[in-house]
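As a plain string of letters, each chain reads:
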Amino acid sequence: MGESRVVIPIFGILDVTGEVIGMWVILAAVTVISLLATRHMRERPGKFQNVIETGVEYLDNYFAGILGKKESRKHFLFLGSLFIFIIFGNYTGLIPGAGLTDYWKAPTSSLSVTLGLGIITFFYLQGSSIHAHGFLGYLKRFISPIAIMLPLLLLDEFIKPASLALRLFGNIFGGMIVVELWMYLMEWLSAFVSSVPFMRAVFVLPLNAFFDIFEPVIQTYIFVTLTMVFLSKGIMTGAENHA
């Protein structure tokens, strides 16, 4: 699942892969949910509106726990979009047929998608830092506390998107590989005991449940939390940064 195969070439300009189709589905799903949630908003919310508002409130508190209320509100749209896209992208792997056909793949199982997320996050972090400190103040970060730190601080800044991308891709893709290898091992071992691959059901299903249900949430929290940590560091003043 690490390789992307073109399934729908469009005029030789746009190459549509299974991951792209997955992202289109996510976009459509989020759009529909947003329209339904905001179409008839009431002061006394119904069940659906209440669920959406609870989710938004949860994300607001989650972001505020790291950035503070003021800064979390400033960056809510980006962080919320990042959280929703990643968690939807991770869970699309649970939809029947995902990974079994080139026409349907979980977006976050592709390095190109996670690298794209890392690059977008990188530019957002730089833009937020410039907005917070001004361009000269932004440049001053790289020579504080001493100018000799410039190469290391620049390297650290460029490593951030790569580390975010590789961590997300590695854990999602690696989880799929682990389950598949474990499944084959259990089938091979159970063949010595019975013609029915019972060990696959006993030992593989719990592992599969973990990677299918919990791992997507864990990896989403890791990516977004690290993004907030980097963001917090970038928008703090020099005195706060070295405190």
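Before going into details, it helps to say that this report is about the structure given with it. (Residues numbered from 1 in each chain as written. Predicted model: local features only at pLDDT ≥ 70, side-chain atom pairs only at ≥ 80, totals over all residues. Heavy atoms only, no water.)

### Describing the overall build of the chain
Here comes step 1: When helices and strands are counted, the chain shows 8 helices and 2 strands.
Here comes step 2: Counted from the first residue to the last, the chain has its helices and strands arranged as β-β-α-α-α-α-α-α-α-α.
Here comes step 3: Within the chain, the fraction of its 243 residues that count as buried is 33%.
Here comes step 4: Put simply, 63% of the contacts in the chain that link residues at least 6 apart link residues at least 24 apart.
Here comes step 5: As displayed, the chain offers around 14,500 Å² of accessible surface, 71% of which is attributable to carbon and sulfur atoms. (Helix = DSSP H or I, 4+ residues; strand = E, 2+ residues; numbered from the N terminus. Buried < 20%, exposed > 50% of the residue type's maximum accessible area, 1.4 Å probe, protein only. Contact = heavy atoms within 4.5 Å. Areas by Shrake-Rupley, 256 points an atom, 1.4 Å probe, with all protein chains shown as cover.)

### Some points on the side chain of Ser129
Here comes step 1: Considering the arrangement of structural elements, one finds Ser129 in helix α5 (residues 111–140).
Here comes step 2: For Ser129, a relative accessible area of 1% gives the class buried.
Here comes step 3: Not counting the four nearest positions on each side in its chain, Ser129 is found in contact with Gly134, Tyr138, Arg141, Gly234 and Ile235.

### Re the packing of helix α1 (residues 18–39) against helix α4 (residues 76–91)
Here comes step 1: Running from amino to carboxyl end, α1 crosses α4 at an angle of 125°, the nearest separation of the two axes being 10 Å. Here α1 is positioned oblique relative to α4, judged by the angle of their axes. Where α1 crosses over α4, the two elements pack in a sense that is right-handed. Here Met23, Ile26, Ala29, Val30 and Ile33 of α1 lie close against α4, whose contacting residues are Ile84, Phe85, Phe88 and Gly89.
Here comes step 2: Of the residues assigned to the contact of α1 with α4, the class counts are 8 nonpolar, 1 polar and no charged. (Axes fitted to C-alpha atoms, helices over the stretch in contact; angles between N-to-C directions. Parallel < 35°, antiparallel > 145°, perpendicular 65-115°, else oblique. Left-handed = near helix turned anticlockwise from the far one by under 90°. Nonpolar A, V, L, I, M, F, W, Y, C, P; charged D, E, K, R; others polar.)

### Thoughts on the packing of aromatic side chains
Here comes step 1: Inspection of the entire model under this criterion finds 9 aromatic pairs.
Here comes step 2: Plain terms: the ring middles of Tyr62 and Phe63 are 5.3 Å apart, the flat faces sit at 40° to each other, and that makes the pair tilted.
Here comes step 3: Its relative accessible area of 0% is what places Phe63 among the buried residues.
Here comes step 4: Among the aromatic residues, ring-to-ring pairing joins Tyr62, Phe63, Phe76, Phe83 and Tyr221 into one connected group. (Phe/Tyr/Trp six-rings, centres within 6.5 Å; stacked < 30°, edge-to-face > 60°.)

### Regarding the environment of Met23
Here comes step 1: By the element assignment, Met23 lies in helix α1.
Here comes step 2: Residue classification places Met23 among the partly exposed residues on the basis of a relative accessible area of 25%.
Here comes step 3: When the C-alpha atoms of Met23 and Trp104 are compared, they prove to be 9.9 Å apart, with 81 residues separating the residues in sequence.
Here comes step 4: Ignoring anything within four residues of it in the chain, the contact list for Met23 reads Phe85, Pro107 and Val113.

### Considerations on α4
Here comes step 1: The end-to-end C-alpha separation of α4 is 22 Å, in line with the 22 Å expected for 16 residues at 1.5 Å each.
Here comes step 2: Within the sequence span of α4, burial applies to Phe78, Leu79, Gly80, Leu82, Phe83, Phe85, Ile86, Ile87, Gly89 and Asn90. (Expected span 1.5 Å × (residues − 1).)

### Details of the pattern of salt bridges
Two side chains bearing opposite charge may form a pair once their charged atoms approach each other closely.
Here comes step 1: All told, the structure shown has 4 salt bridges when counted by the stated rule.
Here comes step 2: Across the pair Asp60 and Lys69 runs a salt bridge, and its minimum N-O distance is 3.0 Å.
Here comes step 3: Under the relative-accessibility criterion, Lys69 is labelled partly exposed at 41%.
Here comes step 4: Measuring nitrogen to oxygen at the nearest pair gives 3.3 Å for the salt bridge that ties Glu157 to Lys160. Separated by 3 residues within a single helix, Glu157 and Lys160 lie in helix α6 (residues 150–190), roughly one turn from each other.
Here comes step 5: In this structure Lys160 comes out as buried when scored by relative accessible area, which is 6%. (Salt bridge = Lys/Arg side-chain N within 4 Å of Asp/Glu carboxyl O.)

### A closer look at the side chain of Gln126
Here comes step 1: Along the chain, the position of Gln126 falls in helix α5.
Here comes step 2: The exposure class of Gln126 is buried, given its relative accessible area of 7%.
Here comes step 3: Those residues in contact with Gln126 that sit more than four places away from it in its chain are Tyr138 and Glu157.

### Re the packing of helix α2 (residues 47–67) against α4
Here comes step 1: Contact geometry for α2 and α4: axes closest at 11 Å, N-to-C directions at 115°. As judged from the angle between their axes, α2 and α4 are roughly perpendicular. In this structure, the crossing between α2 and α4 has a hand that is right-handed. Touching Val56, Leu59, Asp60, Tyr62, Phe63 and Leu67 of α2 are Phe76, Leu79, Gly80 and Phe83, all from α4.
Here comes step 2: Of the residues in the contact of α2 with α4, the class split is 8 nonpolar, 1 polar and 1 charged.

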